[in-house]
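Overview (structure and organization)
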Amino acid sequence: MSLVTSLIYRRRSRLFGRLVQEALALYGVEVPAAAEIGPGLSVFHRGFGTVLHPFTTLGANVTLYNGVTIGRADPWVPQEESAMRRVVLEDGVMVCAGAKIVCKSGVLTVGAGTIIGANAVLTRSTGPDEIWAGAPAKKVGVRKAGGRENGGAREYLPAR
């Protein structure tokens, strides 16, 4: 487990919480105590520039690269008046460097096993095992679970 990941899990500590938040800020990482983080989080490149909204839920084994932003599409509106409720990344989601996931209204859900490409701007929910890229993000492929012939690795298929 990396230092940044370890700090993220300790950010709710009653005794050291504020100190941990300040240490994360030195790396340019903002993960509020209200954000829900599942087990197995991987943060690569020390997460430089990564920002999560307080109403974010990360499932198990989520991977975040540097420069990821997860938040609201209407930051000029006071939080109490925003139509955004929550952003949920289900188990096994990978969010590549510089990607932005912004919720306009309700709950935006990124399906289990989905990959969000580098610098993508995702503004809507996805299904499981999809690959999204671009600005605005579009579905560009699907992940197909591999069989014994390729060691259980996932195969990538273009979108139709």
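Before reading on, note that the structure itself is shown above.
These notes cover the structure that comes with them.

Every buried residue of helix H2 (residues 17-26) is listed here: Gly17, Val20, Gln21 and Leu24. Considered in projection along H2, the buried side chains sweep an arc of 100 degrees and stay on one side of the axis. Exposed side chains of H2 directed beyond 90 degrees from the buried face belong to Arg18, Leu19 and Leu26. The inward-facing, buried residues of H2 abut helix H1 (3-9). Looking at the residues trailing H2, positive phi occurs at Gly28, about 75 degrees.

The four strands lie next to each other as E1-E4-E7-E10, forming an open sheet whose pairing is parallel. Of all strands in the sheet, those bounded by a partner on one side alone are strand E1 (36-37) and strand E10 (106-110). Bridging between strand E4 (residues 56-58) and strand E7 (residues 84-89) involves three bridges; their strand directions are parallel. Along E7, the bridge assignment pairs Leu58 with Leu89.

About the criteria used
Residues numbered from 1 in each chain as written. Predicted model: local features only at pLDDT ≥ 70, side-chain atom pairs only at ≥ 80, totals over all residues. Heavy atoms only, no water. Buried < 20%, exposed > 50% of the residue type's maximum accessible area, 1.4 Å probe, protein only. Helix = DSSP H or I, 4+ residues; strand = E, 2+ residues; numbered from the N terminus. Arc of directions from axis to C-beta. Contact = heavy atoms within 4.5 Å. Pairing = 2+ DSSP bridges.

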